[in-house]
Amino acid sequence: MTGSGDARVSATATEWRRESRYYRRTPGLGWLLGLLLIPLLLGLIGWGTLGKPKVSVSAPSVSVTAPSLSVPSLDFAGLSILRNGNDFTLTGNLPDLNAKTALLNSLKAAFPGANFIDNLSIQTGVGAPDFTATGALFKASADIPDFDYKFDGSTITLTGTAPSDDVKAAAEAAAKAAWPNATIVNNIVVKGASAPGTTAPSGDCASLQSDIKAALTAPINFETDGVTLTPATQQMLTAVAAKIKACAQAKIAVTGYTDNTGNDGINIPLSNNRAKSVGDYLVSQGVSAGEVTTSGQGAANPVASNDTDAGRAQNRRVEITVS
């Protein structure tokens, strides 16, 4: 009994064992859904990133326009420089004292010992030419004792009496070299030359110029500050008209001048109107209107110094020239 019972227990005690086993479960529905949704979510995130508006940053365009280079236009203020032998009369406007000093120094260097009559005014803002070549211009015109040149805007007018065509041409060439962008008007007269297209009077008319000078026994005068001829002057001009009518083909130039008092804006119109009064009177006395020309030169070509009353009186004149 005893032996059989003990054996059963012993067998039971030794045979009872706990065994631990691990099983791999089959993935459920949740895992399968996760595997499908994760790529979808990543795709949506990527699409959102790509779908955002792009920010483009571009450098501003810079356009550089090169300045156009052009020769400045000339616009000189009214300025006159005229020579009467060793006297130089300077009239007009300059922008500052530096320009005035440059002009005077240029002339003094070219003509040491000359007498310079300074009637220049300072007017801020006006144009002024380069005066470094002024001395060379007057050197080229040294044989023109009454040489004068005027600046007006972009035009330079040369006047005076030259002994030859070469001297006249040299003065013009010097002016062009000094101011190549200016318009040069060369009104220099060659002494003894006839005007283009005309011939010198012949026969008895060869003495017409001296006959006119003899008939003008006194200066041509006008009523005070006016253009009306005085009775005495009208009487002289009647005799002059008779001389001119005797030479039907003679060309007559009547030129008015003033002293240097005032400026060109006043003097040139005044001298022109006085010359016209003389020309009109000659025509009224029978001289052909087509044979008479008139002009006013203002204070140009003085025949005496403007430093004295007597000199200024001589410069206020009207000349009648046969051409």
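Every chain begins its residue count from 1, and numbering advances along the sequence as written. Predicted model: local features are reported for residues with pLDDT of at least 70 only, side-chain atom pairs are reported and counted for 80 or more only, and whole-chain, interface and lining totals are derived from all residues. Excluding hydrogens and water, the side-chain values take into account all heavy atoms of the structure.

A. Molecular detail of the packing of helix α6 (residues 208-215) against helix α7 (residues 231-245). Comment: axis = line fitted to C-alpha atoms, over the contacting stretch for helices; angle = value between 0 and 180 degrees taken between N-to-C directions. Counting from the N terminus, the helices are DSSP H or I runs at least four residues long and the strands are E runs at least two residues long. Two elements in contact, α6 and α7, have axes whose closest approach is 9 Å; the angle formed by their N-to-C orientations is 165°. Considering their axes alone, α6 and α7 lie roughly antiparallel with respect to each other. The handedness of the crossing between α6 and α7 comes out as right-handed. For the pair α6 and α7, contact is made by L208, D211, I212 and A215 and by M236, A239, V240, K243 and I244, respectively. Amino acids outside the nonpolar list (Ala, Val, Leu, Ile, Met, Phe, Trp, Tyr, Cys, Pro) and the charged list (Asp, Glu, Lys, Arg) are all regarded as polar, and Gly is one of them. The residue makeup of the contact of α6 with α7, split by class, is seven nonpolar, no polar and two charged. Should an angle lie under 35 degrees it is considered roughly parallel, over 145 roughly antiparallel, and from 65 to 115 roughly perpendicular; all remaining angles are considered oblique. Less than a right angle of anticlockwise turn of the near helix away from the far helix marks a crossing as left-handed, whereas a clockwise turn marks it as right-handed. We call two residues in contact when some of their heavy atoms are within 4.5 Å.

B. Geometry of helix α3 (residues 97-110). Here the expected length of a helix is defined as 1.5 Å per residue gap, with one fewer gap than residues. In this model, α3 (14 residues) spans 20 Å end to end at C-alpha, consistent with the 20 Å of a helix rising 1.5 Å per residue. Three or more residues of α3 are buried, namely A99, K100, L103, L104, S106, L107 and A110. Projected down its long axis, α3 carries its buried residues within an arc of 155°, all on one side. The exposed set on the far side of α3, more than 90 degrees from its buried face, consists of L97, N98 and A109. We call two N or O atoms a polar contact when they sit within 3.5 Å, provided that within protein one can donate a hydrogen and the other can accept it, with sequence-adjacent residues counted only if both atoms are side-chain atoms. The N-cap of α3, judged by a side-chain oxygen 3.1 Å from the amide nitrogen of N98 a few residues on, is D96. Per-residue accessibility, obtained with a 1.4 Å probe over protein chains only, is compared with the maximum for each type, and a residue is labelled buried under 20%, exposed over 50%, and partly exposed between these values. Each direction from the helix axis to a C-beta atom contributes to the arc, which is the arc of those directions.

C. Representation of α6 in the model. Listing the buried residues of α6 in full gives L208, I212 and A215. Take α6 and look down its axis: the buried residues cluster within an arc of 65°, on one side only. With respect to the buried face of α6, the exposed residues turned more than 90 degrees away are K213 and A214. Elements in contact with the buried residues of α6: α7, β9 (252-257) and β11 (317-322).

D. The arrangement of the packing of α7 against helix α8 (residues 264-284) in detail. Packing of α7 against α8 brings their axes to within 9 Å, and their N-to-C directions diverge by 60°. With respect to each other, α7 and α8 are oriented oblique. Where α7 crosses over α8, the handedness of that crossing is right-handed. Residues Q234, L237, T238, V240, A241 and I244 of α7 touch α8, and the partners they reach there are V278, Y281 and L282. Classifying every residue of the contact of α7 with α8 by side-chain character gives seven nonpolar, two polar and no charged.

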